[in-house]
Amino acid sequence: MKRKAIYGLLAEFETPEQLLAAAHRTHDAGYKSIDAFTPMPVEGMAEAVGFGPTRLPAVVFTGGLLGGLTGFFMCYYANVISFPLNIGGKPYNSWPAWIPITFELTILGAALCAVFGMLAMNGLPTPYHPVFNVARFALASKDRFFLVVKARDKKFHLVKTAEFLKTLQPHGVFEIEV
């Protein structure tokens, strides 16, 4: 019988303090592809598992800039190139009248890039995750705290990583099958 692929190892802890300490030790041991699952927010967990600065602000800025340029050049094309009208002797390129549409498309572009950029960077939507294959993971939404070391980590070795996780004194260490 063929063995299923391994997604990683899951360690179960009883308190958020234990999980936070384990996450710090795991990250300090050189594991970079780790994740934590908790029933409530745990202060300092993002830093403990190695989440650093995100590229989302740059994506939002770029979306806003492109949206604003789209609004401006859309008005420019309509009023100067496609259908110029001489209204009261004003120049065709009367940009102060275009400020509202430029502003609105700037906000629209930034908002759309924020939403879809956040979804893409978080890997959402994820209707199924391999950690659901571990029966004990159902407690993650109640009263247990879980630390995952993913198999894609460069330092991951099934036996050595399991031994390392056991030194953190978890309630249990489980293999996560894909």
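Scroll up to find the structure.
Residues numbered from 1 in each chain as written. Predicted model: local features only at pLDDT ≥ 70, side-chain atom pairs only at ≥ 80, totals over all residues. Heavy atoms only, no water.

1. Topic: helix α5 (residues 158–166)
Taken together, the buried positions of α5 are Thr161, Ala162, Phe164 and Leu165. For α5, the angular spread of the buried residues around the axis is 160°, confining them to a single face. Those residues of α5 that are exposed and angled more than 90 degrees off the buried face are Lys160 and Lys166. Of the surrounding elements, those touching the buried residues of α5 are β1 (6–13), α1 (16–28), β3 (145–150) and β4 (172–177). (Buried < 20%, exposed > 50% of the residue type's maximum accessible area, 1.4 Å probe, protein only. Helix = DSSP H or I, 4+ residues; strand = E, 2+ residues; numbered from the N terminus. Arc of directions from axis to C-beta. Contact = heavy atoms within 4.5 Å.)

2. Points about the packing of helix α3 (residues 56–82) against helix α4 (residues 99–121)
Direction vectors running N to C along α3 and α4 enclose 150°, while the axes themselves pass 7 Å from each other. The interaxial crossing formed by α3 with α4 has right-handed handedness. Packed against α3, whose contacting residues are Leu56, Val59, Val60, Gly63, Gly64, Gly67, Gly68, Thr70, Gly71, Phe72, Met74 and Cys75, the element α4 presents Ile101, Thr102, Leu105, Thr106, Gly109, Ala110, Cys113, Ala114, Gly117, Met118 and Met121 at the interface. When the residues that make up the contact of α3 with α4 are grouped by side-chain class, the tally is 13 nonpolar, 10 polar and no charged. (Axes fitted to C-alpha atoms, helices over the stretch in contact; angles between N-to-C directions. Left-handed = near helix turned anticlockwise from the far one by under 90°. Nonpolar A, V, L, I, M, F, W, Y, C, P; charged D, E, K, R; others polar.)

3. Points about the pattern of salt bridges
Following the criterion strictly, the structure yields four salt bridges and no others. For the salt bridge of Glu14 with Arg144, the shortest nitrogen-to-oxygen distance reads 3.5 Å. Remark: Arg144 occurs in the loop between α4 and β3 and Glu14 occurs in the loop between β1 and α1; sequence separation between them is 130 residues. Given the relative accessible area of 16%, Arg144 is considered buried. In this structure, Asp143 and Arg144 form a salt bridge, with 4.0 Å as the shortest nitrogen-oxygen distance. (Salt bridge = Lys/Arg side-chain N within 4 Å of Asp/Glu carboxyl O.)

4. What about α1?
With 13 residues, α1 extends 18 Å from end C-alpha to end C-alpha; this agrees with the ideal 18 Å at 1.5 Å per step. Looking only at α1, the buried set comprises Pro16, Leu19, Ala22, Ala23 and Thr26. Projected down its long axis, α1 shows its buried positions confined to an angular sector of 125°, all on one face. Opposite the buried face of α1, by more than 90 degrees, sit the exposed residues Glu17 and Asp28. Looking at the buried residues of α1, the elements they touch are β1, β2 (34–37), α2 (45–48), β3 and α5. Two residues or fewer past α1, Gly30 is found with a positive phi of approximately 110°. (Expected span 1.5 Å × (residues − 1).)

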